[in-house]
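A structural walkthrough
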Amino acid sequence: MVDVADKLAYFQAITGLEDPDLCTEILQAHGWDLQLAISSFTSSNQTSASTTNSDSEPRDSLNRTESASGSGSGLVAAPSPGLAWKLVTLPVSVISGSIGLISGAVGLGLWAAGGVLSYSLGMIGLGSGRGGESSARLVSVSSMASEAIDFVAAFEREYGTRRPNFVGEGFMDALQRSRNAFKLLFVYLHSSDHPDSPVFCERTLCSEAVAAFVNENFVAWGGSIRASEGFKMSNSLKASRFPFCAVVMPATNQRIALLQQIEGPKSPEEMLTILQRVLEESAPVLVAARLDAEERRNNMRLREEQDAAYRAALEADQARERQRREEQERLEREAAEAEQKRKEEEEARERAAREAAEKEAAEARMRQEKALSLGDEPEKGPNVTQVLVRFPTGERKERRFHSTATIQSLYDYVDSLGCLEVEDYSLVSNFPRVAYGPEKRSLTLKEAGLHPQASLFVELN
């Protein structure tokens, strides 16, 4: 339920009264019934056309400022109360087909901002009982649109294509269209049984000036009172005289603000005058709504741009952080690989040094063993052979051997000296040239013809 502050603000927006104390007194006098208070206020400010006949046709709303006739009171009608002079509650069968399409607004200045349409809709309309229960069958959106399309087609067949561009959709959809376009909704209810309807449609509604003015400045919706939705709207708008036109705009919840109703035949000039005045009076509201919507769009666009910039900055930060992590991981991986390689190289050097030391030690032991195996160098004698060994470096070594010593003893002698870095070599004599290879190592020096003296050189294989 709308609270007191909202009712007070809405009453001020509708009536144009600025004194909150006065508005509070009026609302309290009507038990805070907002619609009753507004109806009472607007009724007290409107002109009475006649008080003598209870069956007489009602006056044109907001249209008359002439003095009341036949009463003898001499009272002059007050000026029309301004923009939204009456709230109209729509029947649930009209609203239910488009629930969610129309959002309410608190006050006319917030018309464009809107709110969510309340699901607790008032059951006011055709066949309403005392308990507020409607016996009307709910009409689906497709049925409403079908009725509207049929009306437009029938109207065009009857009066031609130069006409107001009635939308081929239900009333609530047309109301939403007017909200989105920041225009007022022009409503025409057609009674084919009324004798004034053909002339009004042909000469006024379809006149070039009126049709062009309506198409340019309004969203137009029309319906036949013989159809379901047209009949319900005629009841909601309390249409008692035809031809019937109205200018409306969305209000709160399931209500619309009735800005102007035009009953009875009118000339094109009268129609244009009325519509022009309504348009001028509503211009501040429409401009404010348009500016408010534009501001919201700009704010939304700004937020989207800021969000996009934030997302771009965030993605850039994440990319930089990802790149930093990848670079750090690469450096750590390279450092680990370098450390592993260093350790492997160090281990290889240590292993090589160890192997070299072991080899050198083995060679030293071998030289020592071979030197021991030679025994002591014998003194000169008839059975002693003098041997001279020349190395590739030009170095010479000389030693005496028993003539019974083998060629292998000469090899052991050369090995024990440690003058060679290779193991594969041969001892060769020049004159004559004889190579003492493995097959001759078992020969004694005397058998090999090297006694009593020999000169050999080392030939690397």
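Residues numbered from 1 in each chain as written. Predicted model: local features only at pLDDT ≥ 70, side-chain atom pairs only at ≥ 80, totals over all residues. Heavy atoms only, no water.

As a further point, take the overall build of the chain. Counting secondary structure elements, the chain contains 11 helices and 10 strands. Residues counted as buried form 38% of the 461 residues belonging to the chain. Carbon and sulfur atoms provide 50% of the accessible area of the chain, an area that totals close to 25,600 Å². (Helix = DSSP H or I, 4+ residues; strand = E, 2+ residues; numbered from the N terminus. Buried < 20%, exposed > 50% of the residue type's maximum accessible area, 1.4 Å probe, protein only. Areas by Shrake-Rupley, 256 points an atom, 1.4 Å probe, with all protein chains shown as cover.)

The subject of this paragraph is the sheet that holds strand 6 (residues 384-390). Ordered by their spatial adjacency, 5 strands build an open sheet running 7-6-10-8-9, and the pairing between neighbours is mixed. The open sheet terminates on both sides in strands that have one partner only, identified here as strand 7 (396-402) and strand 9 (434-436). Averaged over all neighbouring strand pairs, the angle between strand axes comes to 30°, with direction disregarded. For strand 8 (residues 425-429) and strand 10 (residues 453-460), the ladder comprises 5 bridges, and the chain directions are antiparallel. Each bridged residue has a counterpart across the sheet, and for Tyr425 the counterpart in strand 10 is Leu460. (Pairing = 2+ DSSP bridges. Axes fitted to C-alpha atoms, helices over the stretch in contact; angles between N-to-C directions.)

What follows is about a negative patch on the surface. Where like charges cluster on the molecular surface, the negative patch consists of Glu344, Glu345, Glu347 and Glu350. Along the polypeptide, Glu345 turns up in helix 10 (residues 268-374). (Patch = residues over 30% accessible without salt bridge, like charges linked within 9 Å, V, L, I, M, F, W, Y side chains within 5 Å. Salt bridge = Lys/Arg side-chain N within 4 Å of Asp/Glu carboxyl O. Lys, Arg positive; Asp, Glu negative; His and termini not counted. Charge placed at Lys NZ, Arg CZ, Asp CG, Glu CD.)

In this section: the packing of helix 8 (residues 208-217) against helix 10. The interhelical angle for the contact between helix 8 and helix 10, taken along N-to-C directions, is 20°, at an axis separation of 9 Å. With respect to their mutual orientation, helix 8 and helix 10 come out roughly parallel. For helix 8 against helix 10, the interelement crossing comes out left-handed. On the side of helix 8, the interface is formed by Ala209, Val210, Phe213, Val214 and Asn217, while helix 10 contributes Pro268, Met271, Leu272, Leu275, Gln276 and Leu279. Grouping the constituent residues of the contact of helix 8 with helix 10 by class yields 9 nonpolar, 2 polar and no charged. (Parallel < 35°, antiparallel > 145°, perpendicular 65-115°, else oblique. Left-handed = near helix turned anticlockwise from the far one by under 90°. Contact = heavy atoms within 4.5 Å. Nonpolar A, V, L, I, M, F, W, Y, C, P; charged D, E, K, R; others polar.)

This brings us to the packing of helix 10 against helix 11 (residues 407-417). One way to put it is that helix 10 packs onto helix 11 with a least axis distance of 8 Å and a crossing angle of 135°. By the criterion of interaxial angle, the relationship of helix 10 to helix 11 is oblique. Remark: the crossing between helix 10 and helix 11 carries left-handed chirality. When helix 10 is examined against helix 11, the residues Met366, Arg367, Lys370, Ala371, Ser373 and Leu374 are found in contact with a partner set consisting of Ser409, Asp412, Tyr413, Asp415, Ser416 and Leu417.

It is possible for side chains bearing opposite charge to pair when their charged atoms get close. One pass over the full model with this rule turns up 18 salt bridges. In this structure, Glu156 and Arg163 form a salt bridge, with 2.9 Å as the shortest nitrogen-oxygen distance. If you follow the salt bridges from partner to partner, you end up with Glu321, Arg324 and Arg325 in one network.

Looking now at the confidence of the model for the chain. The pLDDT averaged across the chain works out to 79; a share of 77% of its residues lies at or above 70. Low pLDDT, under 50, characterises residues 46-85; the stretch is placed with 65 contacts to residues that sit more than four places away or in other chains. Confidence over residues 96-141 falls short of pLDDT 50; this stretch has 104 contacts with residues more than four positions distant or in other chains. (pLDDT = per-residue confidence, 0-100.)

Following Phe242, the chain continues to Pro243 via a peptide bond in cis, the omega torsion being 0°. Tracing the chain through its elements places Pro243 in the loop between helix 9 (228-236) and strand 4 (244-250). The linkage connecting His451 with the following residue, Pro452, adopts the cis geometry, with an omega of 15°. Structurally, Pro452 is set in the loop between strand 9 and strand 10. Although it is not a glycine, Lys238 sits at a positive phi angle of roughly 55°. Note that Lys238 resides in the loop between helix 9 and strand 4.

On to the side chain of Gln260. With respect to the helices and strands, Gln260 occurs in strand 5 (residues 255-263). Overall, the relative accessible area of 0% leaves Gln260 in the buried class.

The next subject is the nonpolar core. For soluble globular proteins, the rule of thumb is that nonpolar side chains tend to be buried together. With 42 residues, the main nonpolar core has Phe11, Phe155, Phe186, Tyr188, Phe218 and Leu275 as its most contacted residues. With 7 residues, the single largest contributor to this core is helix 10. Once you skip the residues sitting within four places of it in the chain, Phe186 turns out to touch Leu205, Val214, Phe218, Val219, Ala220, Trp221, Cys245, Ala246, Val247, Met271 and Leu275. (Core = buried A, V, L, I, M, F, W, Y, C linked by side-chain atoms within 4.5 Å.)

Its 107 residues place the ends of helix 10 147 Å apart at the C-alpha level, agreeing with the 159 Å of an ideal helix rising 1.5 Å per residue. The sharpest bend along helix 10 reaches about 50° and sits at Ser282, with the proline Pro284 one to four residues further on. Residues of helix 10 that are buried include every one of Met271, Ile274, Leu275, Val278, Leu279, Ser282, Val285, Leu286, Ala289, Ala293, Lys370 and Leu374, and no others. Positive phi appears at Gly375, one or two residues downstream of helix 10, with a value of about 80°. (Expected span 1.5 Å × (residues − 1). Bend = angle between axes of the 7 residues up to and from the residue.)

A few words now on the state of the cysteines. Inspection of the entire model under this criterion finds 0 disulfides. In this structure Cys201 is a free cysteine whose sulfur lies 6.2 Å from that of Cys206, the closest cysteine sulfur available. The buried category is assigned to Cys201, whose relative accessible area is 0%. Free of any disulfide, Cys245 has its nearest neighbouring cysteine sulfur in Cys201, separated by 8.2 Å. (Disulfide = S-S within 2.5 Å.)

Counted residue by residue, helix 6 (residues 171-181) has 8 buried out of 11 residues, so it is predominantly covered. Looking only at helix 6, the buried set comprises Phe171, Met172, Asp173, Ala174, Leu175, Gln176, Ser178 and Arg179. Where helix 6 terminates, the next one or two residues include Phe182, which has phi positive at roughly 55°.

Before going further, it helps to examine the pairing of strand 3 (residues 218-224). The two faces of the sheet receive side chains in turn, since in a regular strand these alternate between them. Most of strand 3 is tucked away: 7 of the 7 residues are buried. Neither face of strand 3 is exposed, since Phe218, Ala220, Gly222 and Ser224 on one face and Val219, Trp221 and Gly223 on the opposite face are all buried. When strand 2 (residues 184-190) meets strand 3, the two strands line up parallel, connected through 7 bridges. The residue of strand 3 that forms the bridge with Leu189 is Gly223.

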